[in-house]
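Secondary and tertiary structure notes
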Amino acid sequence: MTWDVLQLDIGDGVGHITLDRPDRGNAIDLDLARALMEAARRCEDDPAVRAVLITGAGPRFCVGGDLRSFAEQDDLPSHLLEITGYLHAAISHLARMDPPVVVGVHGAAAGAGLSLVAMADAAVADSGARFRVGYTAIGLTPDGSSTFFLPRVVGLRRAQRLMFMNEALSAEEALEWGVITEVVEEGADVGARARQLAEYLAVGPTRAFGSVKRLLLSSWSNELEAQLEEESQAIAAAGGTADAAEGILAFFERRDPEFGGR
């Protein structure tokens, strides 16, 4: 499935979303925000998708919002509301769906591009990648869930440092801070490594993965007892799945489980 600004390819259990505005650094404009929302919904609705991979075409992953298109608007506030409406719907679907989300980063991940990285369940970057929030440098405020996920992955003080000082992180610094999961060696194919990780997750217990994602999200707002109750309900529901039956049987038979995502 292809839009003018985004591609979606489904195969081997992976829904591969490619941001496809390479001449603009995959900057997010209205069309790309809308396409990302539609692609996220398709991945969530398609039972063949058991992991999602997000990469960017061209030399950069995503430089954030399309400032050139912003400058052309007669009513920028209304335009930003429309873009974030689509972008935030996409983020919500990706964060809460059962399939884990993997991001492969090369070049730059800035603004909403960094938000996608922070939201992901796993992120792989090449050693030359750079990460920057950047919003306040142009008098704007963060979007794309960065004020939600970044403090959770790096801590409040480091999130404040990134958002107020607009410092750029190297790939190694991003790994140390917890922004990404893995750095590939210089010259290695980050897209291939990210795809490998997505395919590994795609043969896992998809429904259990989804429950883990949602439990982790709720843990930040729940009281202890409420979180314990959610854990009880989630593990009980998981216990009724075919994947749990297969996983337990495989444990006793001393073999690798063959999960079907059911």
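Look a little higher up for the structure.
Report follows, based on the coordinates. (Residues numbered from 1 in each chain as written. Predicted model: local features only at pLDDT ≥ 70, side-chain atom pairs only at ≥ 80, totals over all residues. Heavy atoms only, no water.)

So, the pairing of strand β4 (residues 101–105)
In terms of burial, β4 is largely enclosed, as 5 of its 5 residues are buried. Inspection of the sheet shows strand β3 (residues 51–56) paired to β4 by 3 bridges, in the parallel sense. Along β4, the bridge assignment pairs I54 with V103. Here 4 bridges tie β4 to strand β6 (residues 122–126), and the two strands are oriented parallel to one another. The partner of V103 across the bridge, within β6, is A123. (Buried < 20%, exposed > 50% of the residue type's maximum accessible area, 1.4 Å probe, protein only. Helix = DSSP H or I, 4+ residues; strand = E, 2+ residues; numbered from the N terminus. Pairing = 2+ DSSP bridges.)

Quick word on helix α6 (residues 156–165)
Taken as a whole, α6 has its buried residues at A159, L162 and M163. Each buried residue of α6 lies within a common arc of 90 degrees when the element is viewed along its axis, so the set occupies one face. Away from its buried face by more than 90 degrees, α6 exposes R157, F164 and M165. Where α6 is buried, its residues contact α5 (146–154), β8 (169–170) and α7 (171–177). Looking one or two places after α6, you find N166, whose phi comes out positive at around 55 degrees. (Arc of directions from axis to C-beta. Contact = heavy atoms within 4.5 Å.)

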